[in-house]
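Architecture and fold: a report
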Amino acid sequence: MIEQDTTKRSTLNMAKKLVLAEKPSVARDIARVLKCSKKGNGYIEGNDYIVTWALGHLVGLADPEAYDDRYKTWSMESLPMLPKQMKLVVLKGAGKQFNSVKEQMQRKDVDEIIIATDAGREGELVARWIIEKAKVNKPMKRLWISSVTDKAILEGFKNLKPAKDYHNLYEAAVCRAEGDWLVGLNVTRALTCKYNAQLSAGRVQSAALAMIVTREEEIKNFKAEDYFNIKVKTPSFSLMWQGTKGPNIWNEEEAKKLKNQLEGKSLQIVKVDEKDKKAYAPGLYDLTELQRDANRLYGMSPKETLNIMQRLYENYKVLTYPRTDSKYISQDIVPTLKDRLQAVNVGNFRPAVQAVLKNGIKTGKHFVDNNKVSDHHAIIPTEESIMLSKLSNDERKIYELVVKRFLSVMLPPCEYKQTTIEAKSGEETFVTKGQVMINQGFKIVYEKGEEETEEGESDNTRLPEVKVGDSLKIVNVECNKLQTKPPARFSEATLLSAMESPHKYVKVSKEAAKTLGETGGIGTVATRADIIEKLYNMFYIEKSGNSIVPTSKGKQLIDLVPEELKTPLLTAKWERELELISKGKQNPKDFITRMRKYSGELVDTVKESTDKFKHDNIVGKRCPDCGKSLLEVKGKHGKLYVCQDRACGYRENVSKFTNARCPECHKKLELRGQGDGQIYVCTTCTFREKASTFNNRFKDKQGKGDKKSVQKYLKQQQKEDEGNFAFADLFANLNKK
């Protein structure tokens, strides 16, 4: 009896906890902190813990073919696809790691599972689907942290939460995934079969594309109007004419008459207004605003910025969790601010850090607010310091943007004196403004042009001393002819803004605008970058300089897509419902029932359409695989030929966009051809030169570092061109009719 009790106690003492991380890099950090060092096949083991990992999603919803043989052939007759019960499958290429995770979960000495995937809706889904597919039923807890520093991990393990607290979040994630499967795959198949073209649609991508196409139509239909401004010069400074409705005169005769009337006259100063003003630092970064600034300042795509942020978070551990929609930190982070300041007390940041520490850390509602933090707080530095030289050029740029925002919210506001002078000539009014900097405040961390300024804050003109009653001789009158401008095309930065706040860019009702404002627009901070990439990869949009332009395919698709999918309100309603489900305030079954019905309605709309789709980019070259005509498309990194047949999927590179500059007109060159036959071509002027000759000619000017960067860039482009074709696997599986 005593021997049995001893054995029982020994078995209990040997029980271990299994920790499931989302990625190997995070798993290694957790394993190190938990003192796990024994490496196994897809896991790391210690005395008390076993740490294993996913590779993002290991398990996902099955493709349509897994539910019914009818779905193996793409046909309108088999639509809509509405499986009674959705199936989970191990994703292609993930089998080895899934089996390793499953084996560890099913070990008899594992008595508890700790979910340590990313702390958010999608991270919850990654873990729960693995556990469900592995058919494991053991007690579970949740690690919920916003950074992967040793300190954050230790604190997180001291405060593990019951996994049941996040069950509703998991239900919301399942609803999102199943809803997108039902709507996206049904509409994609319907459009593809109806028009025999590689077409896809979805609640987020269609709404985003519709905004781009609508903006292009507005530009196309825009008719410029002439208007005039009157500017008068005195011996000391210049002033602008101001009417009751602003400085613009819409009648040329009136403008010329006023100009002639003012020649040789004088101005009487009637008002001198001096005000002390303050400009406050912008808030901390959420992911979307960081992506906007990285695009505006450095031309980085949202996807590039997210990937860099992920490395700074996971590998270097110098920034907190990237996929956040909050610009605030919670009160419990305040005690750590001093350590975070010490971590960034390097290089050019040192004076700003010392200024904050000298005056004491002052917090306020402008960046500390528990009510404005949901899953994750704003992106800020961690307590880990780093030698900036260890970061790549792009990594350093993103890191410095975050550090500057972090420092600026704790520095005093910028103070300046603004002077407004108003003068009259008869009944006509003239105004000028100037300002003098008093104290730079938070602006000491920014370089000129780096930080967006408020209207009226950028004019640093120092005006001379004048007083009411002074008379100034008009020495010159300018009548400047101007034209109204069409709305600007979207850049990746402004498209992110439009996705975040679509009601500011498209006409919707007040009620709809309120819904969009409350739900954070279309997509989420975690998905917007991927949506934009998908639009490029499907050749619905292309770049013209820094602007986004819809292709003919994209424009036609928007005409073919069911109306409701094009409105941002649909995805906003979804997000509102998913938020309610995550809080246990709405039944997930009701949501899925509506999505099934809605999918059928969308398919019917496509079936009944009388619209046509036409390839207008056919080239005089045949596909070597199927013999059909190829299409010329402009991808994000260059031009390609792709087969028009949806089931073939053939593609070949035609040219790549490069950063090499034309020696004659200084525009960027295209690299065309393959191997020794490659040539650089300028599409602006007539310059053409063999690549080998061009590279030798400019080799000395480039320098070793630049050459290495160019080679790395071209290698990465080639890798992206060869793989990563959105929906490639999907269309490749189709049966030819």
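Just above, that's the structure.
To keep things clear, this report deals only with the structure shown in the data block. (Residues numbered from 1 in each chain as written. Predicted model: local features only at pLDDT ≥ 70, side-chain atom pairs only at ≥ 80, totals over all residues. Heavy atoms only, no water.)

It is worth spelling out the overall build of the protein chain at this point. A tally of helices and strands in the protein chain yields 22 helices and 25 strands. With the C-alpha coordinates of the protein chain rotated into their principal frame, the extents come out at 115 × 70 × 60 Å. Evaluated residue by residue, the protein chain yields a buried proportion of 49% over its 737 residues. Long-range contacts, defined as pairs at least 24 residues apart, comprise 72% of the intrachain contacts of the protein chain with a sequence gap of at least 6. With the model as given, the accessible surface of the protein chain reaches about 37,400 Å², and the carbon-plus-sulfur share is 47%. A distance of 2 Å separates the average location of the 125 positive side-chain charges in the protein chain from that of its 100 negative side-chain charges. (Helix = DSSP H or I, 4+ residues; strand = E, 2+ residues; numbered from the N terminus. Buried < 20%, exposed > 50% of the residue type's maximum accessible area, 1.4 Å probe, protein only. Contact = heavy atoms within 4.5 Å. Areas by Shrake-Rupley, 256 points an atom, 1.4 Å probe, with all protein chains shown as cover. Lys, Arg positive; Asp, Glu negative; His and termini not counted. Charge placed at Lys NZ, Arg CZ, Asp CG, Glu CD.)

Negative phi characterises most residues that are not glycine, and trans characterises most peptide bonds. For the peptide bond that leads from leucine 79 to proline 80, omega is 0°, which places it in the cis range. Take proline 80: it is sitting in the loop between strand 5 (59-61) and strand 6 (88-90). Phi is positive for lysine 135, close to 55°, though the residue is something other than glycine. On the secondary structure map, lysine 135 appears in the loop between helix 4 (121-133) and strand 8 (140-142). On the basis of relative accessibility, which here comes to 75%, the residue lysine 135 falls in the exposed class.

Pairing within the open sheet is antiparallel, and its seven strands lie in the order 19-20-21-22-23-24-25. Either end of the sheet is taken by a strand with one partner, and the two such strands are strand 19 (618-622) and strand 25 (688-690). Averaged over all neighbouring strand pairs, the angle between strand axes comes to 30°, with direction disregarded. (Pairing = 2+ DSSP bridges. Axes fitted to C-alpha atoms, helices over the stretch in contact; angles between N-to-C directions.)

Another point: the state of the cysteines. Taken as a whole and judged by the stated rule, the model has zero disulfides. Not engaged in a disulfide, the cysteine cysteine 648 finds its nearest cysteine sulfur in cysteine 623; these two sulfurs lie 3.7 Å apart. (Disulfide = S-S within 2.5 Å.)

Taken together, seven strands build an open sheet; the order of strands is 2-3-4-1-7-8-9 and the sheet is mixed. Strand pairing shows two members of the sheet lacking a second neighbour, strand 2 (38-40) and strand 9 (161-162), which therefore form its edges. Bridge count for strand 1 (residues 16-21) against strand 7 (residues 110-116) is six bridges, and the pairing is parallel. Residue pairing for strand 7: leucine 20 is matched across the bridge by isoleucine 115. The strands touched by helix 3 (residues 95-105) within the sheet are strand 1, strand 3 (43-45), strand 4 (49-53) and strand 7, with strand 4 carrying the most contacts at an inclination of about 155°.

Below, the discussion takes up the pairing of strand 13 (residues 414-425). Pairing analysis gives eleven bridges linking strand 12 (residues 266-279) to strand 13, with the strands arranged antiparallel. Bridging from a neighbouring strand, lysine 271 pairs with glutamate 422 of strand 13. Bridge count for strand 13 against strand 14 (residues 428-439) is eleven bridges, and the pairing is antiparallel. Bridging across to strand 14, glutamate 415 finds its partner in asparagine 439. The turn linking strand 13 back onto strand 14 is made up of two residues, and glycine 426 within it adopts a positive phi angle of 70°.

Our focus in this paragraph is the pattern of salt bridges. A side chain of one charge can pair with a side chain of the opposite charge if their charged atoms are brought near each other. Under the definition given, this model contains 51 salt bridges. Salt-bridge contacts for glutamate 492 lead to lysine 543; the nearest nitrogen and oxygen are separated by 4.0 Å. With a gap of 51 residues between them, glutamate 492 in helix 14 (residues 492-500) and lysine 543 in strand 17 (residues 541-544) connect regions that are remote in the sequence. The pair glutamate 492 / lysine 543 is uniform in exposure class, with both members buried. Note that lysine 639 is salt-bridged to glutamate 670, the shortest N-O span being 3.7 Å. Of this pair, lysine 639 sits in strand 21 (residues 638-643) while glutamate 670 sits in strand 23 (residues 668-672), placing them 31 residues apart in sequence. Assessed through its relative accessible area of 6%, glutamate 670 is described here as buried. Several salt bridges share partner residues, and in doing so they unite Glu289, Arg292, Asp293, Arg296, Lys327, Arg405 and Glu500 into one network. (Salt bridge = Lys/Arg side-chain N within 4 Å of Asp/Glu carboxyl O.)

With that settled, consider the packing of aromatic side chains. Applying the stated criterion to the full structure yields ten aromatic pairs. On the basis of an interplanar angle of 75° and a centroid distance of 5.5 Å, the ring pair of tryptophan 574 and phenylalanine 591 is categorised as edge-to-face. Of the two residues, tryptophan 574 is situated in helix 19 (residues 568-582) and phenylalanine 591 in helix 20 (residues 588-608); the sequence distance between them amounts to 17 residues. For tryptophan 574, a relative accessible area of 1% corresponds to the buried category. (Phe/Tyr/Trp six-rings, centres within 6.5 Å; stacked < 30°, edge-to-face > 60°.)

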